[in-house]
Amino acid sequence: HKEPTNSHKEPTNSNKESTMPQEGIRKTRRFGRSYATLRENRWVLSKRRTLKQFICCKPPGDEDDDDEAVDDNADNLSYVGKAAYDALRIKHSWHHHALWNVTSGRVVGELHQTPTNGWNLIDDPVEGHSNWFPEKMGEIVSRTEFWCDVLSLTPPLGVFMEEMRKAVAIVVERSKSRMHPVIIRMMFANIVGAPVNCGKIVKKLTKDLPEDGNVHLWVGAWRQGVSWNHAKIIAVDGKYLHTGGHNMWEKDYLTNNPVYDLSFEMEGKVAHDAHLFANAQWAFVRQKKRTISGYVEDKIPDALPSFLPHRTTISNFPSKKAPTFPTQYSRRLVPKHTPLQGRVPVITMGRYGNLVFRKRASDDAFNALIGSAKKTINFAIQDLGPICIPQTKLTVPGYKWPTKYMNAIARALWTKAVNVNILLSNPHSIPGGLTALEANYGNGWTCVDVAAEIIKRVKKQFKKVDDADLRNIVSNNLKVSFIRNRAGNRWDDGGSLGMHAKHFIIDDICCYIGSQNLYECDLAEWGIVIDDQAQTQKIMDEYWNPMWRACYNPDDCNVQEVMDNLKVDRRGQNSYFASPEKRKEFRKAQQTQFGVLHEEEKDHYHKEKELDFHFDFTKNVHANFPTMQFSQWSKGADTRKSITTSTPNVSSEKKEVDTGKNVASSAPN
């Protein structure tokens, strides 16, 4: 803020009690609060939190957040959007404008759903059915003039890598006339047993590119415990945004037996929030690399297993010009864009996973959204239940059913007679000729299993419920079905149709599209809630309505079968009492969840020792979650401070991951 031109007088008697300096104070609204208020309260709030953490033995990032956030844009939200907003501002005010925000944006064109026209298919998709999709992703990246963030589970594969390389080449060519370098940051996941060779990815992206281009590119990857990035984001110049459920995998989406998935493109201020979400992950990588453990970690080849609770890798281009770590994004680094016509209110929301202690913003927002429903809730999701042992009804130890979400659904069913419609992936669907260890969509539960577990939550919360009432709910209000097209739920070769979308709609006025699954998996996620009835109806006309017409089959969820299965225990057994044979089944199921390769292919390292170690370490991760997290925090593994203050400027799925020796290193600090 510039100094005011008028002279300043000494404080009068009316404001002698205020210790706030008068020079430089303006009533500028910044982040929903006045700048003066922020300056006055920042020191007091930080000291109050520090004292509370000391007295209550709470680690940073787990504050009660009793200083509620206020967002001026929330006035235009519906009752559904306000429910999510209230949950976020009360419980997660500390992460406002970093992990969640109320903003606006314009949905561009139609939704990006693959395979193209998938619900009306009678035969298998023709060759090249969805090649437009990687081309579209590359075209969005190629628009970059100042800043680009790309986040995904793993690096691009096949055609996706080729389109990304073309996009980077276009940006490099255009950057030669620029004074300041163009920034490109790409963040991926160091999945247990399959770490990313960032140096090799950089070489692929910059193949045959001159180093005299004015572009600085970084590729990074991280893991903290069994948390890693799972968000799927392309954000460009604080203006263009692509997000949803798609990973950048050729065999899953572009070949035979493609998996069904959903993403979309937006323009406007909403893109800023995607850049800011990426900041936290880069701050974590920077923090870990500048410690003794990070220095030691860089000396360990990626071909060897790592038994550290975290694993971070980073590489840059050009190596002689770009700094080791990228700059943190801020709005002032990109031009201010003219407000767009046709923009709608949206809420961006996410979660950091294990990077913070216990706080999961989007989880609380999901519960609030479900609880706000008055008429209908429509889910298009991969699964609701956790990973289970194949051919059984036993949950893998350490995983459990998402009882908070299911409790909210059960309350909506019982107290408000809300109609709940759920579409799921067919169990163990494998696309593109891959193996079960490379891709597996659908954790193994049937529609009857899912419905029975939801009805159990009704009985658990409301004691005076008889079987007749429960039958009425299953018959009239709860509908669960597998996805299918006009030809059925099988491809020509017998493979089943898989679903990877993460999408739900509340009362036909508000919907979510993003990366977060409803089954429990503590990863870093991000998505968008569109809070506009007209736009939500357009999305339903394009996606939900034709999907529901093609998919719903009442035989998938027979009322009598649901009632007969209410006594089935699907919680699984404790691994400490399991036989060696059963432990092998646990391990195989978790390998399927992590997507660790075992085929001998070049450029891939198969870290079965690392997987064995972390499987044993995390086999009861959810049951012991508070203890494990507090132990990590007490040993200095917390990143709360780096996430919120280190900005100098102001699933569990896959796959063919490039691995090898990390080329970046940094001295201990």
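Worth saying up front: this structure is predicted, and the values here are computed from it rather than measured.

What counts, and where the lines are drawn
Residues numbered from 1 in each chain as written. Predicted model: local features only at pLDDT ≥ 70, side-chain atom pairs only at ≥ 80, totals over all residues. Heavy atoms only, no water. Helix = DSSP H or I, 4+ residues; strand = E, 2+ residues; numbered from the N terminus. Buried < 20%, exposed > 50% of the residue type's maximum accessible area, 1.4 Å probe, protein only. Areas by Shrake-Rupley, 256 points an atom, 1.4 Å probe, with all protein chains shown as cover. Polar contact = N/O pair within 3.5 Å; in protein donor to acceptor, adjacent residues only side chain to side chain. Salt bridge = Lys/Arg side-chain N within 4 Å of Asp/Glu carboxyl O. Pairing = 2+ DSSP bridges. Axes fitted to C-alpha atoms, helices over the stretch in contact; angles between N-to-C directions. Parallel < 35°, antiparallel > 145°, perpendicular 65-115°, else oblique. Left-handed = near helix turned anticlockwise from the far one by under 90°. Contact = heavy atoms within 4.5 Å. Bend = angle between axes of the 7 residues up to and from the residue. pLDDT = per-residue confidence, 0-100. Core = buried A, V, L, I, M, F, W, Y, C linked by side-chain atoms within 4.5 Å. Expected span 1.5 Å × (residues − 1). Patch = residues over 30% accessible without salt bridge, like charges linked within 9 Å, V, L, I, M, F, W, Y side chains within 5 Å.

Enquirer: I tried to follow the overall build of the chain on my own but got confused; where do I start?
Expert: Along the chain, the regular secondary structure elements total 18 helices and 17 strands. Within the chain, the proportion of its 669 residues that are buried is 60%. Here the chain has roughly 27,300 Å² of accessible surface; of this, 51% comes from carbon and sulfur atoms.

Enquirer: Help me out: how do you make sense of the side chain of Arg223 in this one?
Expert: Looking at the secondary structure, you find Arg223 in strand β6 (residues 215–224). Note on Arg223: relative accessible area 0%, which makes it buried. At a separation of 3.4 Å, a polar atom in the side chain of Arg223 contacts the main-chain carbonyl oxygen of Gly225.

Enquirer: What should I look at first to understand the pattern of salt bridges in this one?
Expert: Any two side chains of opposite charge can pair, so long as their charged atoms come close to each other. For the structure shown, the criterion picks out 19 salt bridges. Note that Arg331 is salt-bridged to Asp273, the shortest N-O span being 3.9 Å. Residue Arg331 is located in the loop between β10 (310–317) and β11 (344–351), and its partner Asp273 is located in helix α7 (residues 270–289); the two are separated by 58 residues in the primary sequence. Residue classification places Arg331 among the partly exposed residues on the basis of a relative accessible area of 32%. With relative accessibility at 3%, the residue Asp273 sits in the buried group. Measuring nitrogen to oxygen at the nearest pair gives 2.4 Å for the salt bridge that ties Glu542 to Lys538.

Enquirer: What am I meant to see in the environment of Lys359 here?
Expert: Its place among the elements puts Lys359 in the loop between β11 and α9 (361–371). A distance of 3.1 Å separates a polar atom in the side chain of Lys359 from the backbone oxygen of Lys91.

Enquirer: In this structure, what is going on with the pairing of strand β17 (residues 525–530)? I would like to understand it.
Expert: One face of the sheet, then the other: side chains in a regular strand alternate in exactly this way. Most of β17 sits out of view: 6 of its 6 residues are buried. Pairing of β11 with β17 involves 6 bridges; the strand directions are antiparallel. When the sheet's bridge partners are listed, Val346 is paired in β17 with Ile530. Bridge analysis of strand β16 (residues 510–514) against β17 gives 4 bridges, and the strand direction is antiparallel. Across the sheet, residue Ile513 finds its bridge partner in β17, namely Ile528.

Enquirer: It is not clear to me how the packing of helix α11 (residues 447–461) against helix α12 (residues 467–476) should be interpreted in this structure. Could you clarify?
Expert: In a packed pair of helices, the relevant descriptors are the angle between the two axes and the axis-to-axis distance. Look at α11 against α12: their axes get within 11 Å of each other, and the N-to-C directions meet at 140 degrees. Accordingly, the angle class assigned to the pair α11 and α12 is oblique. In the crossing of α11 with α12, the sense of the turn from one axis to the other is right-handed. Residues Ile455, Val458 and Lys459 of α11 form the contact with α12, whose participating residues are Leu470, Ile473 and Val474.

Enquirer: For this particular structure, what's the right way to read helix α13 (residues 533–551)?
Expert: The α-helix winds at 3.6 residues per turn, so residues separated by three or four positions along the chain end up facing the same way. For α13, the principal kink sits at Met540 and spans about 50 degrees. Buried residues of α13: Gln535, Thr536, Ile539, Met540, Glu542, Tyr543, Trp544, Pro546, Met547, Trp548, Ala550 and Cys551, and no others. Of the residues flanking the start of α13, the one acting as N-cap is Asp532, its side-chain oxygen 3.3 Å from the backbone nitrogen of Ala534.

Enquirer: Help me out: how do you make sense of the confidence of the model for the chain in this one?
Expert: Close reading of the predicted structure is inappropriate where its pLDDT is low. Of all residues in the chain, 74% attain a pLDDT of 70 or more, and the chain-wide mean is 80. Throughout residues 1–43 the model reports pLDDT below 50, and contacts reaching past four residues in sequence, or to other chains, amount to 40 contacts. Predicted confidence for residues 596–606 stays below pLDDT 50, and this span has 33 contacts to residues more than four positions away or in other chains.

Enquirer: Would you mind going over the nonpolar core with me for this structure?
Expert: Considering soluble globular proteins, one finds that nonpolar side chains tend to be buried as a cluster. By size, the foremost hydrophobic cluster in this structure holds 122 residues, and its most contacted members are Met349, Phe379 and Leu478. If you tally residues by element for this core, the top one is α7, at 10 residues. If near-sequence neighbours (up to four positions away) are discounted, Leu478 is found in contact with Leu413, Val420, Ile422, Ala451, Ile454, Ile455 and Ile473. Counting 49 residues, the second-largest nonpolar core is a separate cluster that includes Phe133, Ile140, Val219 and Trp228.

Enquirer: Even after reading the chapter, I still don't get α11, so can you show me in this structure?
Expert: A rise of 1.5 Å per residue sets the reference length of α11, with its 15 residues, at 21 Å; its end C-alpha atoms lie 22 Å apart and thus fit the reference within 8%. Counting buried residues along α11, 11 of its 15 residues qualify, which places the element largely inside the surrounding structure. Among all positions of α11, only Cys447, Val448, Asp449, Val450, Ala451, Ala452, Glu453, Ile454, Ile455, Arg457 and Val458 are buried. Against α10 (403–416), β13 (419–424), α12, β14 (478–482) and α14 (559–564) lie the buried residues of α11.

Enquirer: In this structure, what is going on with the environment of Gly495? I would like to understand it.
Expert: By secondary structure assignment, the location of Gly495 is in the loop between β14 and β15 (502–506). Those residues in contact with Gly495 that sit more than four places away from it in its chain are Asn257, Asn489 and Arg490.

Enquirer: I keep staring at a nonpolar patch on the surface and nothing clicks. Help me out?
Expert: A cluster of nonpolar side chains, Ile292, Tyr295 and Val296, forms an exposed patch at the surface whose accessible area comes to about 270 Å². Residue position: Ile292 is located in helix α8 (residues 292–298). Owing to a relative accessible area of 55%, Ile292 belongs among the exposed residues under this scheme.

Enquirer: What is the right way to look at unusual backbone geometry in this model?
Expert: A negative phi holds for most residues other than glycine; trans holds for most peptide bonds. Going from Thr114 to Pro115, the amide bond is cis rather than trans, its omega being -5 degrees. Inspection of the secondary structure puts Pro115 in the loop between β3 (101–114) and α3 (132–142). Here Phe317 and Pro318 are connected by a cis peptide whose omega angle stands at -10 degrees. As for its position among the elements, Pro318 is in the loop between β10 and β11. At Asp208, a position not held by glycine, the phi torsion is positive, near 65 degrees. Mapped onto the elements, Asp208 comes out in the loop between α5 (198–205) and β6. Overall, the relative accessible area of 71% leaves Asp208 in the exposed class. Unlike most non-glycine residues, Arg358 shows phi in positive territory, near 70 degrees. By the element assignment, Arg358 lies in the loop between β11 and α9. The class for Arg358 is partly exposed, based on a relative accessible area of 46%.

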